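In case you want the letters, here they are:
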Amino acid sequence: MPTTTLDNKEIFRDSVATISKEGKRNYINPKKPKGRLYNLRTRFSIFYLLVFFSLPFIKVNDEPLLMFNVLERKFIIFGMVFWPQDFFIFGIGMLTFIVFVILFTVIFGRIFCGWACPQTIFMEMVFRKIEYWIDGDSAQQKLLRKMPWNGEKIRKRVIKFVAFFSISFIIANFFLAYLISMDQLIQDISHPSEHIGTLISLLGFSCVFFFVYWWFREQVCIVVCPYGRLQGVLLDKNSIVVAYDHKRGEPRGKLTKENNFKVKDDHDCKCTDCKGDGGCKDVVQKLEAIGQPVALPVHGDCIDCAACVKVCPTGIDIRNGTQLECVNCTACIDACNAIMTSIHKPEGLIRYASDNSIKNGVKLTFNRRIKAYTIVLSLLIILLVTLLVTRTDLDARLMRTAGMTYTAMPDGRVANLYNLKLANKTHKDIPIHLKLENIAGEISLVNSVNPVVKKEDYKALQFFVKLNRADLKSWKTPLVIGLYDSTKKIKTITAKFIGPEIYN
Ligand code: SF4
Ligand code: SF4
């Protein structure tokens, strides 16, 4: 009986491979993967790690290329500084990213998890490789685990501990550099006594990474990662995932002389009496004895060697169908391809494919769900680009001073007092000049001459607008004020000027 996703008996879904019946942790020691996809992933991960460890050193206009300073609520993405005032843009950006991830997952499944997720890259391409190097392959690792604490075990565990903790410490440094910038990190480390907080964070992050890669491992993907847990609602039967071709593989059977016989007259066998265990010879004899037509069962291409299970880092059997635990690491594809080659069968019994393509031979189509996501994503991208293009370098909020109406001046003019709050989002200082654009009058700053808004800083200004009574046409006169730097106009702001009631 095939054990595919649509099989009625999905008992395998009642348990998790990494948890024993007693509720204890089943530690997975996957066999070292080998093959074309593993080599490709290794090369990709080298490139990935180079980028990960280089980005914090790259600067644009003397600022980091990327920075996610949550504490100071300051984010720099590809040199663009985002402040709390830009939260709306940031929110739309996050929403766009989430819809992109959903659309990507609907079509390509968990390809991100296998190829680009930092957890998989560090676990499988860094820590696991070191583990193979120190402890040996799966069988030796299991032996070592069961071994009493002798010289060899202590030596290997100490080397592994030092290696794992050192790498966790390095990752923690770079992780922190993405949060507070590499310059700040170096400065903090150079003066440790003044920056105890940074040192505590470093140690904390190092311990978390060490715990994850030493012990917690695949549990991150299975029980913690929200993206992994959302797969159940994101994937559909047309999503491309790492899948076992049960039509080709079943009924599986060990590769023995008995099991490897061919179908008589090229008939597909409909008989399930043998349960795929190769016991069909008896059935055939029985059928022949009572004169029934006989079609010998064809055993599928799966020889039940379990090579695909042994390499799986989450300990599952992909032949049971798509499962939440599968991180699409492709190790089982490589393992099965090697087996298929050795028994002279075509590769691809386990491959990237959709459930629909395996069952019905249907290719991926631009279905309604994909169309809907694409439309939403396109609209969000248009909105995001518009917001980014129209985003100004200087944020200005102008308000009349609370509790005041107008002041009648001795020279006959009328004055209003305003408060202006400025935020400079750029990497350079901006000198500010204010100019009345729609009416003759004077702007006089309070306690400030030639104000400058420092880079990435705020400035509060207070100023009077003084107008001739003759120019006031109503008790509320609209004002247009231009904000200029030394060379050009940066922004236009508007306000209301309050005058005496008599001018209504
Ligand atoms: S590696 Fe291939 S042949 Fe072996 S059990 Fe897995 S699916 Fe079957
Ligand atoms: S079944 Fe296991 S080995 Fe295969 S892709 Fe999924 S996680 Fe990797």
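As shown above, the structure is provided for reference.
Residues numbered from 1 in each chain as written. Chains lettered and ligands numbered in written order. Predicted model: local features only at pLDDT ≥ 70, side-chain atom pairs only at ≥ 80, totals over all residues. Heavy atoms only, no water.

Each helix and strand counted, the chain has 17 helices and 17 strands in total. Per-residue burial for the chain yields a buried fraction of 46% across its 504 residues. Long-range pairs, those at least 24 residues apart, make up 71% of the contacts in the chain between residues at least 6 apart in sequence. Summed over its atoms, the accessible surface of the chain is roughly 27600 Å², and 64% of this surface lies on carbon and sulfur atoms. (Helix = DSSP H or I, 4+ residues; strand = E, 2+ residues; numbered from the N terminus. Buried < 20%, exposed > 50% of the residue type's maximum accessible area, 1.4 Å probe, protein only. Contact = heavy atoms within 4.5 Å. Areas by Shrake-Rupley, 256 points an atom, 1.4 Å probe, with all protein chains shown as cover.)

Let's shift gears to helix α15 (residues 331-342). Taking 1.5 Å as the rise per residue, α15 with 12 residues should run 16 Å; its terminal C-alpha atoms sit 17 Å apart, in good agreement. Within the sequence span of α15, burial applies to A331, C332, I333, D334, A335, C336, N337 and M340. Next to the buried residues of α15 lie α1 (36-54), β6 (241-244), α12 (246-249), α14 (307-310) and β7 (350-353). (Expected span 1.5 Å × (residues − 1).)

Turning to the environment of E72, a few remarks are in order. One can find E72 in the loop between β3 (66-69) and β4 (74-77). Residues E72 and I180, spaced 108 residues apart in sequence, show a C-alpha to C-alpha distance of 9.0 Å.

A word on the sheet that holds β4. One key point about sheets: their strands pair by backbone hydrogen bonds, in either a parallel or an antiparallel sense. One open sheet accounts for three strands, arranged β3-β4-β5; its pairing is antiparallel. Looking at strand neighbours, the two that pair on one side only are β3 and β5 (80-82), the edges of this open sheet. Across the sheet, the mean angle separating the axes of adjacent strands is 20° when strand polarity is ignored. Bridging between β4 and β5 involves three bridges; their strand directions are antiparallel. (Pairing = 2+ DSSP bridges. Axes fitted to C-alpha atoms, helices over the stretch in contact; angles between N-to-C directions.)

Turning our eyes to something else, we now look at a positive patch on the surface. On the surface, K31, K32, K34, K142, K146, K254 and K310 cluster together into a patch of positive charge. For K310, the location among the structural elements is in helix α14. (Patch = residues over 30% accessible without salt bridge, like charges linked within 9 Å, V, L, I, M, F, W, Y side chains within 5 Å. Salt bridge = Lys/Arg side-chain N within 4 Å of Asp/Glu carboxyl O. Lys, Arg positive; Asp, Glu negative; His and termini not counted. Charge placed at Lys NZ, Arg CZ, Asp CG, Glu CD.)

Glancing now at the nonpolar core. Membership of the largest hydrophobic core comes to 36 residues, with the highest contact counts inside it found for V242, Y244, I318, C332, L349 and I350. With six residues, α15 is the single largest residue contributor to this core. Residues in contact with C332, not counting those within four places in the same chain, are V242, C308, V311, I318 and I350. Ranked by size, the runner-up nonpolar core spans 32 residues in total, among them A116, I134, A177 and V220. (Core = buried A, V, L, I, M, F, W, Y, C linked by side-chain atoms within 4.5 Å.)

Scope: geometric values only; no functional claims are made or implied.
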